[in-house]
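Commentary on secondary and tertiary structure
One-letter residues, chain by chain:
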Amino acid sequence: MSIYVDQQSVSPKTGSLGTRFLIYPQVPHLTGYEKPETVWISTPPAEIKSGPADRRMYVVDPLFEKPVYEYPYQPPFIGDRFPPAEAGPDGHFDHLDPQSREFVCAHVFATLRRVLDIWESYLGHEIIWHFAQTYERLEIIPQVNWHNAQSGYGYMEFGIERGDRENALPYALNFDVIAHEFGHALIFAEMGTPTGSAGRQYFGYHESVSDLIALISLLHFDSVLDRLLRSTNGNLLTMNELNRIAELAGDKQIRTASNDRKMSTVSDAVHDLSKPFTGAIFDTLVELYHRDAVDQGLVDLPKEVSHDRLFELDHHEIELIGTRFAEAFAARSFLLKSTLENARDLLGSAIARSWSTLDPDTLNYAVAGAAIADQFDEMGEPDAGDILMENLEWREIVIRT
């Protein structure tokens, strides 16, 4: 049973469906993602003000160039600002022109709010900001003249991606970047912040899990799921064997997740160090999906093949899996999609619920991985925990006797 309830569901407090916005699942210069998609966030129209703003977060768009926040320069921003994004006559924000400055404000707000909705659903409670004693709401700065984005104490701000393209793209239009930065805030909120000297793996964990938060959140777009499954014929081993899902689905976040790095093959640089943990979790997602597809009778494969770890498969088994999944996808694409959604939600819930059991000062990858496995056990999925632990062992994160 899928754990996450789509945000079109009725709010028990207000009876409202929520508020409509337009979001790009991936950057709009990618083929297939040129047009933004309609999403619903849980906040009712009556509770969203100009900006946009609600009781959890608000957007401020500075009129003049603003230096990035750095202590002691902190929120709130009090200078002149561009006109805020306004709701349409029906109270929704899906009328805004995607070429307008107001659309950028609405896009970053809606993306952050959607990710918050998803992960609060996994947790089963409202997330309290780690900066709540100082700031009541998160301040969002959608555009600063900076080639980066950052999540700080009480704020998030987004610069501009400067590539080879003629037109620079605001990071506030990049779902992956926004969701990743929000991931840091979610981890801080649920796990707390270090009180002493956290180890290097703590910072690698932050990067890894923020990537995973972005990936799992991305998989809540029907269009992304459909494109992903069509381009792989339902066989997600494609991502692991060929590592070309970025070209197939247009997503570099999945490319980051699909890797073969072990602890002995990475450096101490935080982003590089994060890859073995990310890879172990991603492999677990793929294996959960493949296992369940076979166990439910959707794909005709021997269990000794479908239940093997990805790193144990030989060339003939990989070819057989590809053939059988292609046959199943041609006949049962919607059921395979549902199976992937269930694997996504099981993993998302286990990650989210593990945060309250972890201590930032003593966290390492082995402890963090075991905490996720424990949550699988508590949810009645011990086999999922075994799959994860074997993947962690292959990545040289844990040593089991």
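Model, not experiment: these values are computed from the prediction.

**Considerations on the packing of aromatic side chains**
One pass over the structure, following the stated rule, counts 17 aromatic pairs. Each ring, one from Tyr289 and one from Phe325, has its centre 5.9 Å from the other, and the planes form 45°; the classification is tilted. Residue Tyr289 is found in helix α9 (residues 275-295), and its partner Phe325 is found in helix α11 (residues 315-354); the two are separated by 36 residues along the sequence. A relative accessible area of 0% places Tyr289 in the buried class. A network of ring pairs unites the aromatic residues Trp129, Phe131, Tyr135, Tyr153 and Phe182 as a single cluster. Across from the ring centre of Phe221, 4.9 Å away, lies the NZ or CZ of Arg114, which sits over that ring.

**Looking at the packing of helix α3 (residues 200-218) against α11**
Two numbers describe how α3 lies on α11: the axes approach to 11 Å, and their chain directions differ by 145°. Taken as a pair, α3 and α11 cross one another with a handedness that is left-handed. Facing α3, whose interface residues are Tyr205, Val209 and Ile216, α11 presents Arg344, Leu347, Gly348, Ile351 and Ser354. Of the residues belonging to the contact of α3 with α11, the class tally is 5 nonpolar, 2 polar and 1 charged.

**Examining the environment of Tyr122**
Mapped onto the elements, Tyr122 comes out in helix α1 (residues 101-123). Separated by 223 residues in the primary sequence, Tyr122 and Asp345 have C-alpha atoms spaced 7.6 Å apart. Among the polar contacts made by the side chain of Tyr122, one reaches the side chain of Asp345 at a distance of 2.7 Å.

**Quick look at the side chain of Ser100**
Summarising the element assignment, Ser100 is placed in the loop between β3 (57-59) and α1. In this structure the side chain of Ser100 is engaged in a polar contact, spanning 2.6 Å, whose partner is the backbone oxygen of Asp97.

**Some remarks on the pairing of strand β5 (residues 149-152)**
Note that β5 and strand β6 (residues 155-158) share 4 bridges and pair antiparallel. Following the sheet pairing, Ala149 is matched in β6 by Phe158. The hairpin turn running from β5 into β6, its antiparallel successor, is 2 residues long, and Gly154 in that turn takes a positive phi close to 90°.

**Some points on the pattern of salt bridges**
Scanning the model with the defined rule gives 19 salt bridges in all. One salt bridge in this structure joins Glu126 and Arg56, with 3.9 Å as the shortest N-O distance. Of this pair, Glu126 sits in the loop between α1 and β4 (138-141) while Arg56 sits in the loop between β2 (37-41) and β3, placing them 70 residues apart in sequence. Judged by relative accessible area, Glu126 falls into the partly exposed class, the value being 36%. Using a relative accessible area of 4% as the deciding quantity, one classes Arg56 as buried. With its nearest N and O atoms 3.2 Å apart, the salt bridge here joins Asp272 to Arg261.

Scoring rules and cut-offs
Residues numbered from 1 in each chain as written. Predicted model: local features only at pLDDT ≥ 70, side-chain atom pairs only at ≥ 80, totals over all residues. Heavy atoms only, no water. Phe/Tyr/Trp six-rings, centres within 6.5 Å; stacked < 30°, edge-to-face > 60°. Helix = DSSP H or I, 4+ residues; strand = E, 2+ residues; numbered from the N terminus. Buried < 20%, exposed > 50% of the residue type's maximum accessible area, 1.4 Å probe, protein only. Lys NZ or Arg CZ within 6 Å of the ring centre and 35° of its normal. Axes fitted to C-alpha atoms, helices over the stretch in contact; angles between N-to-C directions. Left-handed = near helix turned anticlockwise from the far one by under 90°. Contact = heavy atoms within 4.5 Å. Nonpolar A, V, L, I, M, F, W, Y, C, P; charged D, E, K, R; others polar. Polar contact = N/O pair within 3.5 Å; in protein donor to acceptor, adjacent residues only side chain to side chain. Pairing = 2+ DSSP bridges. Salt bridge = Lys/Arg side-chain N within 4 Å of Asp/Glu carboxyl O.

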